[in-house]
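Coordinate analysis (summary)
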Amino acid sequence: MKKYILAFDAGTTSVRCLVMDKKGRIRGVGQHEFTQIFPRPGWVEHDSEEILRMQMAAAREAMANCGCTAGEIAAIGITNQRETTVVWDRKTGKPICNAIVWQCRRTAKICDKLKEDGYADLIREKTGLVPDAYFSGAKIKWILDNVEGARERAAAGELCFGTVDSWLIWNLTGGAAHVTDVSNASRTMLFNINTMEWDSELCRLLDIPMSMLPEVKPSSCVYGETVPELLGAPIPVSGAAGDQQAALFGQCAFSLGDVKNTYGTGCFMLMNTGDSPLRSESGLVSTVAWQIEGEAPVYALEGSVFVAGAVVQWLRDEMKLISSSAESETVAKRVPDTNGCYFVPAFTGMGAPYWDQEARGIITGLTRGTGRAHIVRAALESIAYQSCDVLFSMEKDLGRKIDSLRADGGASANNFLMKFQSDVAGIDVIRPASVETTALGAAFLAGLAVGFWKDRAELLSLSMGDGARVFSPAIEKEEREELLAGWHRAVKKCRG
């Protein structure tokens, strides 16, 4: 009897595997960190083969913790760090260089040239994205231009490109499946989200042979089976989605206007925009959220905040104002407010909706009475304010008020932050019992494809669970507007 789903969560600094049962409960976990490689300032790389080894080790560890065998596993779902680019030899399966990570800025000049040459509107119209080093297309071009012999081998059809989902599926299936799902494809800057196909004009623009690209499949469908020797028996691989889209699905944000915010190192807010892409006029990007086999794709608007939980790490590691991330909540609660202090943590510029690379972090409103607790509180409040900027942009694009915000990610465990988020946004913030929504989304997508779960109605009954918490606003409109006005004054001072 098939009792479980394996969820592979291939993150940026570690890979995890969770064994989930039919009620969506976690029955076994394995996790392994892997090496972060920084060859030059601004460059970030990963060893793709190390990611694979660590992911398989995590899977075996999770199965051992659960006490299950491969014969009891119905399917594998994969969620992954998005945009990270792997290029490997089609015959040997060996990468031709380290993976270029989504954080890497080496391709900024390629993207600047696209903008200078007037291609920004074309790229946005076709892909929903802005030309930026964040996305995969420029990374592929850089590899072809800079790895010896790569361009010739690519032209001869000898090389494969994939994001981390493709790399894992290729290896899990013994090279039988070179595929990606629609959500990961939509983050490459090569995929036309209107036609749902690789775009030949964009590939020509970046001089990328289309023979390198994986077949694009729905997020929930059977891609192939694992080779038996990997985990002990063949297991269908039947779900894949980029981490933020997987979290949206794991939150069961199935209706138009449903919004989730993942509070991690940064914040990633996504809103379900239904069966057609919504072009943002407010500094957000359009992306594919997911696709169930046999159904139309679902789209999303996305806004990225560069520094969220990272500001708490800065307080701990650089400023020594707290000894642990959890202490930030205790310290912040010692004061009733920030005493007029605002903290804009623009350490690496500002993301959505500002997109200002020149902005830098500032603390404003300092007086002789400002103390440690005020600054810690202002840092936590900054996470909520930045998220409000994205949320209000989504409301503007949607043309109506958003009803509630679903929260997940590590920093969502901070009750002070969740309550303040609700207060300044003026809406309910809902935190599920388990914040493992990214892995849950991958499991849900895989399970639907093989009939482990019947439909989305069944998933809705599993998503909240006992222990979910709703934070409701408790301040007046005038106070909210005054707080937000002070934040926007501080943002104005830090920009440019």
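Above this text sits the structure in question.
In this text, all values refer to a predicted model and were calculated from it rather than measured experimentally. (Residues numbered from 1 in each chain as written. Predicted model: local features only at pLDDT ≥ 70, side-chain atom pairs only at ≥ 80, totals over all residues. Heavy atoms only, no water.)

1. A look at helix α1 (residues 48-66)
It helps to recall that an α-helix has 3.6 residues per turn; residues three or four apart then point in one direction. For α1, spanning 19 residues, the distance from its first C-alpha to its last is 27 Å, which sits close to the expected 27 Å at 1.5 Å a residue. The N-cap residue of α1 is Asp47: its side-chain oxygen and the backbone nitrogen of Glu49 are 3.0 Å apart. Immediately downstream of α1, the backbone of Gly67 shows phi near 80°, a positive value. (Helix = DSSP H or I, 4+ residues; strand = E, 2+ residues; numbered from the N terminus. Expected span 1.5 Å × (residues − 1). Polar contact = N/O pair within 3.5 Å; in protein donor to acceptor, adjacent residues only side chain to side chain.)

2. Regarding the packing of helix α13 (residues 372-398) against helix α14 (residues 415-425)
Relative orientation of the contacting elements α13 and α14 amounts to 45°, with a least axis distance of 9 Å. When the interaxial angle is binned, α13 and α14 end up oblique. As α13 runs across α14, the sense of the crossing is right-handed. For the pair formed by α13 and α14, the contact residues are Arg377, Leu380, Glu381, Ile383, Ala384, Tyr385, Ser387, Cys388, Leu391 and Phe392 on the first element and Phe416, Leu417, Phe420, Gln421, Val424 and Ala425 on the second. In terms of residue class, the contact of α13 with α14 is made up of twelve nonpolar, two polar and two charged. (Axes fitted to C-alpha atoms, helices over the stretch in contact; angles between N-to-C directions. Parallel < 35°, antiparallel > 145°, perpendicular 65-115°, else oblique. Left-handed = near helix turned anticlockwise from the far one by under 90°. Contact = heavy atoms within 4.5 Å. Nonpolar A, V, L, I, M, F, W, Y, C, P; charged D, E, K, R; others polar.)

3. Examining the packing of aromatic side chains
Following the criterion strictly, the structure yields 19 aromatic pairs and no others. Above the face of the Phe452 ring, Lys22 is positioned so that its terminal group lies 4.7 Å from the ring centre. Its guanidinium or amino end placed over the ring of Trp142, Arg106 lies 4.6 Å from that ring's centre, counting from NZ or CZ. (Phe/Tyr/Trp six-rings, centres within 6.5 Å; stacked < 30°, edge-to-face > 60°. Lys NZ or Arg CZ within 6 Å of the ring centre and 35° of its normal.)

4. Section: the side chain of Asp89
As for its placement among the helices and strands, Asp89 is situated in strand β6 (residues 86-89). Here Asp89 falls in the buried class, since its relative accessible area comes to 12%. Reaching out from Asp89, the side chain makes a polar contact with the side chain of Arg153 at a distance of 2.8 Å. Excluding residues that lie within four positions of it along the chain, Asp89 makes contacts with Lys94, Ile96, Arg153, Glu158 and Leu159. (Buried < 20%, exposed > 50% of the residue type's maximum accessible area, 1.4 Å probe, protein only.)

5. Describing the side chain of His46
Tracing the backbone shows His46 in strand β4 (residues 45-46). In this structure the side chain of His46 is engaged in a polar contact, spanning 2.9 Å, whose partner is the side chain of Gln36. If near-sequence neighbours (up to four positions away) are discounted, His46 is found in contact with Thr12, Phe34, Thr35, Gln36, Ile37, Ile51, Gln81, Asn98, Ala99 and Val101.

6. Points about the state of the cysteines
Tallied over the full model, the rule gives zero disulfides. Of all cysteine sulfurs in the structure, the one in Cys341 sits closest to Cys494, which takes part in no disulfide; the separation is 14 Å. Note on Cys494: relative accessible area 6%, which makes it buried. (Disulfide = S-S within 2.5 Å.)

7. Brief notes about the pattern of salt bridges
Evaluation of the coordinates by the stated rule reveals 33 salt bridges. Between Asp145 and Lys141 there is a salt bridge, with the nearest N and O atoms lying 3.1 Å from each other. Of this pair, Asp145 and Lys141 both sit in helix α4 (residues 136-146), four residues apart, which is roughly one turn of the helix. Residue Arg372 is joined to Glu327 by a salt bridge in which the shortest nitrogen-to-oxygen separation is 3.1 Å. On the criterion of sequence distance, the pair formed by Arg372 in helix α13 and Glu327 in helix α12 (residues 327-332) is long-range, its members being 45 residues apart. (Salt bridge = Lys/Arg side-chain N within 4 Å of Asp/Glu carboxyl O.)

8. Concerning helix α15 (residues 437-449)
The terminal C-alpha atoms of α15 lie 18 Å apart, and with 13 residues this matches the ideal 18 Å at 1.5 Å per residue to within 8%. Burial analysis of α15 places twelve of its 13 residues in the buried class, the great majority of the element. Along α15, the positions that sit buried rather than exposed are Thr437, Thr438, Ala439, Leu440, Gly441, Ala442, Ala443, Phe444, Leu445, Ala446, Gly447 and Leu448. Immediately beyond the C-terminal end of α15, within one or two residues, lies Gly451, with a positive phi of roughly 80°.

9. Comments concerning the sheet that holds strand β23 (residues 469-471)
Taking strand neighbours across the sheet as the criterion, the seven strands line up as β17-β18-β16-β15-β21-β22-β23 in an open arrangement whose pairing is mixed. The open sheet has two free edges, formed respectively by β17 (285-290) and β23, since each of these has just one partner strand. Adjacent strand axes in the sheet meet at a mean angle of 30°, parallel and antiparallel pairs treated alike. Pairing of strand β16 (residues 267-274) with strand β18 (residues 298-305), which is carried by seven bridges, proceeds in the antiparallel orientation. When the sheet's bridge partners are listed, Met269 is paired in β18 with Gly303. Against the sheet, α13 engages β15 (259-263), β16 and β18, with an angle of about 15° to β16. (Pairing = 2+ DSSP bridges.)

10. Considerations on the pairing of strand β21 (residues 404-408)
Burial within β21 is extensive, with four of its five residues counted as buried. Here three bridges tie β15 to β21, and the two strands are oriented parallel to one another. The partner of Thr262 across the bridge, within β21, is Asp408. Note: β21 against strand β22 (residues 428-431), three bridges, orientation parallel. Bridge pairing in β22 links Ser404 to Asp428. For the crossover that starts at β21, traverses α14 and ends in the parallel β22, the hand is right-handed. (Right-handed = clockwise from strand over helix to strand, strands pointing away.)

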